[in-house]
Amino acid sequence: MNFEIEAFDNDTKARAGEITTSHGKIKTPIFMPVGTLGSVKGVNQRDLIHDVKAQIILGNTYHLFLRPGMETIQMAGGLHKFMNWEKPILTDSGGYQVFSLAENRKLKEDGAHFSSHIDGSKHIFTPENVVDIQRIIGADIIMAFDECTPYPCDYDYAKKSMQLTHRWLNRGIKRFEETDPMYGYNQSFFPIVQGSVYNDLRIESAETIASYESDGYAIGGLSVGEPVDEMYDMIDVVNEILPKNKPRYLMGVGTPVNILEGIARGIDMFDCVMPTRNGRNGMLFTRDGIINIKNVKWKNDFTPIEKNGASFVDESFSKAYLRHLIVSKEILGAQIASLHNLSFYLWLVTEARNRIIDGSFAKWKNEMIQKLAVRL
RNA sequence: GGGGAGAUACCAAAGUGGCCAACUGGGGCAGACUGUAAAUCUGCUGUCGUAUGACUUCGGAGGUUCGAAUCCUCCUCUCCCCA
């Protein structure tokens, strides 16, 4: 994997670049639609490429490991072939699942012991077997196994957790270096910064992570409920330390505003379930603000979902029609909303990239942030 | 013509003397959702701008009772069965 920075913004820390993977190039900054189970919920692969213009998507180690299971994925020849997706894939390691499925998990030095949410069967994830699993999945970018601390999180726990994540990182990298890709193309391994909302922990973690030579670096443990200003502060602190010439991935973020603020702070990659999940639940992100399409005020509004929007659905269907579909729980409603939101997110980062290159990013970003916060 | 059952809030449906402004569903309205156990979850849904408060409700009109959606009388309407 290679990363070329094409332009730095003059007014902010934003950068525009290009990642080259075995499955093609990724223009950054980029938003990566989340496809946990080998499916971006509600959007098929063809639309992802041609309408959303997704350049890379996510898969999830935890979910794919439990179902369909590694035997199936391996027999298919990896996740790319299984889901017929020829562009890059990044897999999350399952660290977030261990955090969000708190009820059944037990963290030990060797790894995370947990019960399947599907059938209750007991499993263990270790830094090593998570690498092995991601080798089988065959993602272009695989993630270290970390603990994503909740918020709030007291200092002592955050520190111990971070140290555990670092020890796990060391083991994960070792396993990654000892093993080879299974399908004839390269994979990259991203370590993850933790440290909750504590400056000194974030600094220590970023320095530890940066000491490993890697194709890219991730920031985890944010957007878990902390005030956004704390999140922005942590990004600033960490990005001072992470290598300037490597992609930085802010995990799980976020709202359109979060993404613009992240870009301005030097983040290159984002992922979030928000455009799809919130879309399914009736929230639409547009250039003029947020629409709750379920609200009765759209009932007889026959104007397009979004004039000059990023997706074909924006002009094809009216707000009144989409509202009807969502309110009626029609599957098509979820599909249209997901397509719209993802297209908007991809438009947003593409436009940011263009603005960074032509030097108008800072002004544009501030104008957009004003508009994006509006509730229509 | 004969016999039977029933009318409760937007709909469906509990409740058959006080704990009932009335269970529960649905519908409606609003909110939440950030590395997806989420096509999910939460709140409100008689009126009074808030309320451990006030007021008006259970087909209609009377009545019994300290007290009625619940008991009695009459009326209106609906449904079912037999001719």
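Residues numbered from 1 in each chain as written. Chains lettered and ligands numbered in written order. Predicted model: local features only at pLDDT ≥ 70, side-chain atom pairs only at ≥ 80, totals over all residues. Heavy atoms only, no water.

Regarding the overall build of chain A
Right, on to step 1. For chain A, the helix and strand inventory stands at 15 helices and 17 strands.
Right, on to step 2. Its C-alpha radius of gyration of 20 Å places chain A within 12% of the 21 Å reference for a compact globule of 376 residues.
Right, on to step 3. Summarising the internal contacts of chain A: among those between residues at least 6 apart in sequence, 68% fall at separations of at least 24.
Right, on to step 4. Placing the 42 positive and 47 negative side-chain charges of chain A at their respective mean positions leaves the two points 5 Å apart. (Helix = DSSP H or I, 4+ residues; strand = E, 2+ residues; numbered from the N terminus. Rg over C-alpha atoms; globule rule 2.2 N^0.38 Å. Contact = heavy atoms within 4.5 Å. Lys, Arg positive; Asp, Glu negative; His and termini not counted. Charge placed at Lys NZ, Arg CZ, Asp CG, Glu CD.)

A word on the side chain of N278
Right, on to step 1. You can see N278 is positioned in helix α11 (residues 274-280).
Right, on to step 2. Leave out the neighbours within four places in its chain, and N278 touches V273, M283, F285 and N341.

Here we look at the pairing of strand β9 (residues 122-125)
Looking down a regular strand, the side chains alternate between one sheet face and the other.
Right, on to step 1. By the bridge criterion, four bridges tie strand β8 (residues 112-115) to β9 in an arrangement that is antiparallel. Paired with S115 across the bridge in β9 is K122.
Right, on to step 2. Counting the residues between successive antiparallel strands, the hairpin from β8 to β9 contains six residues, one of them, G120, with a positive phi of roughly 80 degrees. (Pairing = 2+ DSSP bridges.)

Examining the packing of helix α8 (residues 199-210) against helix α9 (residues 228-239)
Right, on to step 1. For the pair α8 and α9, interaxial distance at closest approach is 9 Å and the crossing angle is 35 degrees. Remark: the crossing between α8 and α9 carries right-handed chirality. Residue-level contacts link N199, R202, I203 and A206 of α8 to M234, V237 and V238 of α9.
Right, on to step 2. For the contact of α8 with α9, the per-class residue count stands at five nonpolar, one polar and one charged. (Axes fitted to C-alpha atoms, helices over the stretch in contact; angles between N-to-C directions. Left-handed = near helix turned anticlockwise from the far one by under 90°. Nonpolar A, V, L, I, M, F, W, Y, C, P; charged D, E, K, R; others polar.)

Topic: the confidence of the model for chain A
Right, on to step 1. Averaged over every residue, the pLDDT of chain A is 96; the share at 70 or more is 99%.
Right, on to step 2. Among the prediction metrics, the complex's ipTM stands at 0.93, with pTM recorded as 0.95. (pLDDT = per-residue confidence, 0-100.)

Focus: the protein's contact with RNA strand B
Right, on to step 1. Close contacts around RNA strand B come from 42 residues, with Y96, C148, M251, V273 and T276 the closest.
Right, on to step 2. Within 4 Å of the protein, the contacting atoms of RNA strand B are 53% sugar and phosphate, with bases supplying the remainder.
Right, on to step 3. Between a sugar or linking oxygen of RNA strand B and a side-chain N or O atom of H63, the distance comes to 3.0 Å.
Right, on to step 4. H117 has a polar side-chain atom sitting 3.4 Å from a sugar or linking oxygen of RNA strand B.
Right, on to step 5. Within the residue set of the surface near RNA strand B, elements represented by two or more residues are β5 (57-60), α5 (95-100), β15 (269-272), α11 and α13 (319-327).
Right, on to step 6. Tallying contributions element by element places α11 first for the surface near RNA strand B, with five residues.
Right, on to step 7. A per-class count over the surface near RNA strand B returns 14 nonpolar, 18 polar and 10 charged. (Near = heavy atom within 4 Å. Polar contact = N/O pair within 3.5 Å; in protein donor to acceptor, adjacent residues only side chain to side chain.)

Things to note about α9
Right, on to step 1. In this model α9 runs 16 Å from its N-terminal to its C-terminal C-alpha over 12 residues, within 8% of the 16 Å that 1.5 Å per residue would give.
Right, on to step 2. When α9 is considered as a whole, its buried residues turn out to be M231, Y232, M234, I235, V237, V238 and N239.
Right, on to step 3. Next to the buried residues of α9 lie β12 (192-193), α8, β13 (217-219), β14 (248-250) and α10 (256-264). (Expected span 1.5 Å × (residues − 1). Buried < 20%, exposed > 50% of the residue type's maximum accessible area, 1.4 Å probe, protein only.)

Some details on the nonpolar core
Right, on to step 1. Formed by 106 residues in total, the largest nonpolar core has its most connected members in Y249 and I263.
Right, on to step 2. Other than its neighbours up to four places away in sequence, I263 contacts K13, A14, P29, F270, V349, A352, I356 and F361. (Core = buried A, V, L, I, M, F, W, Y, C linked by side-chain atoms within 4.5 Å.)

Description of the packing of aromatic side chains
Right, on to step 1. Scanning all chains against the criterion turns up 16 aromatic pairs.
Right, on to step 2. Measuring from ring centre to ring centre gives 5.6 Å for F317 and Y321, while their planes differ by 35 degrees; the resulting arrangement is tilted.
Right, on to step 3. Clustering of aromatic rings is evident, with ring pairs tying together F31, F285, F344, Y345, W347, F361 and W364.
Right, on to step 4. Over the face of the ring belonging to W347 we find R287, whose NZ or CZ atom lies 4.1 Å from the ring centre. (Phe/Tyr/Trp six-rings, centres within 6.5 Å; stacked < 30°, edge-to-face > 60°. Lys NZ or Arg CZ within 6 Å of the ring centre and 35° of its normal.)

A few points about helix α14 (residues 331-358)
Right, on to step 1. For α14, built from 28 residues, the straight-helix expectation of 40 Å at 1.5 Å per residue is met to within 8% by its first-to-last C-alpha distance of 40 Å.
Right, on to step 2. Positive phi appears at G359, one or two residues downstream of α14, with a value of about 85 degrees.

What to know about the layout of surface pockets
Right, on to step 1. The calculated volume of the largest pocket comes to roughly 810 Å³.
Right, on to step 2. As for the largest pocket, its lining consists of 38 residues, and the residues nearest its centre are V34, Y96, Q97, D271 and V273.
Right, on to step 3. If you list the elements that add at least two residues to the lining of the largest pocket, you get β5, α5, β15 and α11.
Right, on to step 4. The greatest single-element share of the lining of the largest pocket, amounting to five residues, is contributed by α11.
Right, on to step 5. Class assignment of the residues belonging to the lining of the largest pocket gives a composition of 13 nonpolar, 19 polar and six charged.
Right, on to step 6. Taken as a whole, the second largest pocket holds about 170 Å³ of empty space.
Right, on to step 7. In terms of lining residues, the second largest pocket is bounded by I173, F176, E177, Q187, S188, F189, E213, S214, D215 and K246.
Right, on to step 8. Mapped by element, the contributors of at least two residues to the lining of the second largest pocket are α7 (155-178) and β11 (188-190).
Right, on to step 9. The element contributing the most residues to the lining of the second largest pocket is α7, with three residues.
Right, on to step 10. In terms of residue class, the lining of the second largest pocket is made up of three nonpolar, three polar and four charged. (1 Å grid on protein atoms, 1.4 Å probe; cavity = no way out; pocket = protein on both sides within 12 Å on 5 of 7 lines; lining within 4 Å. Points joined across faces, edges and corners; volume = space filled by probe spheres on them.)

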